[in-house]
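Below, each chain spelled out in residue letters.
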Amino acid sequence: MRDNYLVFGQPVIAEAEIEEVAMSMRAAWLGTGPKVAAFEKLIAEYKNVKYSVAVNSCTAGLHLSCLALGLGPGDEVIVPAMTFCATINAVIHAGATPILVDVDADTFNINAEDVREKISPRTKAILLVHFAGRPCRMDSLKALAHEYGLRIIEDCAHAIEAEYHDQKTGAIGDCGVLSFYSTKTVVTGEGGMILTNDADIAARAKILALHGMSQDAWKRFSDDGYKHYEVVEVGFKYNMMDLQAAIGIHQIGRVEQSWRRRSEIWEQYNRAFADLPARRPAPICSKSRHALHLYTLLIDEKAPVTRDQFITGLHRRGIGTGVHYRAIPMHPAYKQRFGWEPADYPNANAIGEATVSLPLSAGLFDEDVEDVIRAVREVLAGGPEGLA
Ligand SMILES: Cc1ncc(COP(=O)(O)O)c(C=O)c1O
C-alpha cells in the first residue's frame, strides 16, 4: 500500500511556469495579453498551422469552430457516440443537430464507412475525435467529406502530439481544437486553442471569442494608448488569460520530452499486462503517431471482477483511475432530447461499460509505475479476493 495517493492525471508543473505566472502577477497584467500571443505562436509552430486562436477551454473552441464554419439550425453534424459530452454540447449550443455514429471497437474512433450511413441532405460537417490520442483514419474521412461537401472539425482534446501519415492532427480538417485542461498532456489549468489554415475561420473565431469586438481589442488598455473598438458580432467571453498562457508557454517546450516518458510507461504497461484477462489498447499504426494521452484497459466479462470493482481495488491500493467515458447515449439529457438508446451504439456502449484509464502522467516515478502494475495484477489475477 502506498503512503500517498496516486492522483489520476496529475500534471507536471515545473519552476519555469511557476516563475512565469509570478512574473505576470508582479507585472499585474493578468488577462489576455502578450503571453497569450506568444503561446499562440508556439502552438502554431508546433502544429504547423497558419493560425491559432487561444480560448479558455476546448469546449469553447469547439463551440466557436462550429459557429465559424457557419453551422446552425437545420444543419446536422456527425459526432462519435464515444466521447466527452463537450463534443456533443458544442454542436447543440451552435444550434445544429448532433447525429451520433458508433465507434470502432478496437480504435474507439469513428470510421468513414459508418459515417457514410449517417449522411443525410442536411449533413454539413463531421466533428471527429482522435480518441485517447489515436488519430482517426483521416484519408478516408477526408475523401468522404470531399465527396459530400462536408466540413471537418477535429476534436484534438486528446491529440496534441498526434500525427496521421506525417500530418499533424488539428491541421488536417478545416479546423481543430486542443485542450489544456489540467489532466491533459500540455496544461494551462483551463484552456484551449483553435487551429486552422483558413484565415476567415481564424478571424471569425478570434472576434467571437472576445465579445464580438473588432480585432485586437485586448490591446485597448496597453501601453500603446487607449484604442476604440467596435462590436461587430454578438460574441462570447471565451478568451484565454496571460496567467494561463504563462503556464502553457513552458509546458509546450517540454511536450516531446513528456511524450517520450509516457511512451516508456505505455510500453511497460503493455508488457506487464500481456497475460492478464483485460484488453490493452490496440497496437499503434506504424504510419501514425499516437499522442499517448490515455492508457485504457477494457475490463469486460472475461475478467474475474467488474470494471467498477477493478476501480475500487486500485483505489484501495492508493491508485486513482479515470473512466473515459460512459457512452453518450447513457446520459439522460441526450436520451430525453434525442431519444438515443445505448443499444443502438453497441461498441461505444461496450467500451463505456468496460473502460478504465490508468495513470500515465509524465511525472510518474518508476516506483509509481511499478505500484500501478502490481495493483492491476493483484486485482485482476487475484479475482474477487484481489479486491481485499
Ligand atoms: C474529447 C474531448 N473533447 C472536449 C473536451 C473538453 O475540453 P475542455 O475541458 O478543455 O473544455 C474534453 C475534455 O476532457 C474531451 O475529452
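Our structure is the block above this text.
Residues numbered from 1 in each chain as written. Predicted model: local features only at pLDDT ≥ 70, side-chain atom pairs only at ≥ 80, totals over all residues. Heavy atoms only, no water.

**Thoughts on the site of the ligand**
Taken together, 16 residues surround the ligand, and among them T59, D155, S179, K184 and Y325 come closest. Between an oxygen atom of the ligand and a main-chain N or O atom of C58, the distance comes to 2.9 Å. For the ligand, the protein covers 93% of the area, taking 390 Å² as the surface of the free molecule. Spatially, the ligand is embedded in the largest pocket. Of all the secondary structure elements, the ones that give two or more residues to the shell around the ligand are α3 (58–68) and α4 (85–93). Class assignment of the residues belonging to the shell around the ligand gives a composition of 7 nonpolar, 7 polar and 2 charged. (Near = heavy atom within 4 Å. Polar contact = N/O pair within 3.5 Å; in protein donor to acceptor, adjacent residues only side chain to side chain. Areas by Shrake-Rupley, 256 points an atom, 1.4 Å probe, with all protein chains shown as cover. 1 Å grid on protein atoms, 1.4 Å probe; cavity = no way out; pocket = protein on both sides within 12 Å on 5 of 7 lines; lining within 4 Å. Sits in = over half its atoms within 2 Å of the grid points. Helix = DSSP H or I, 4+ residues; strand = E, 2+ residues; numbered from the N terminus. Nonpolar A, V, L, I, M, F, W, Y, C, P; charged D, E, K, R; others polar.)

**Brief notes about α4**
Taken as a whole, α4 has its buried residues at A86, T87, I88, A90, V91 and I92. Against α3, β2 (76–80), β3 (97–101), β4 (123–129), β5 (151–156) and α11 (332–338) lie the buried residues of α4. Residue G95 follows α4 closely and has a positive phi angle near 95°. (Buried < 20%, exposed > 50% of the residue type's maximum accessible area, 1.4 Å probe, protein only. Contact = heavy atoms within 4.5 Å.)

**Quick look at the packing of α3 against helix α7 (residues 199–209)**
One way to put it is that α3 packs onto α7 with a least axis distance of 9 Å and a crossing angle of 125°. Taken together, the axes of α3 and α7 lie oblique to each other. Regarding α3 and α7, the two cross each other, and that crossing is right-handed. Facing α3, whose interface residues are L64, L67 and A68, α7 presents I201, R204, A205, L208 and A209. Each residue belonging to the contact of α3 with α7 can be placed in one class, and the counts come to 7 nonpolar, no polar and 1 charged. (Axes fitted to C-alpha atoms, helices over the stretch in contact; angles between N-to-C directions. Parallel < 35°, antiparallel > 145°, perpendicular 65-115°, else oblique. Left-handed = near helix turned anticlockwise from the far one by under 90°.)

These results come straight from atomic positions and should not be treated as a statement about function.
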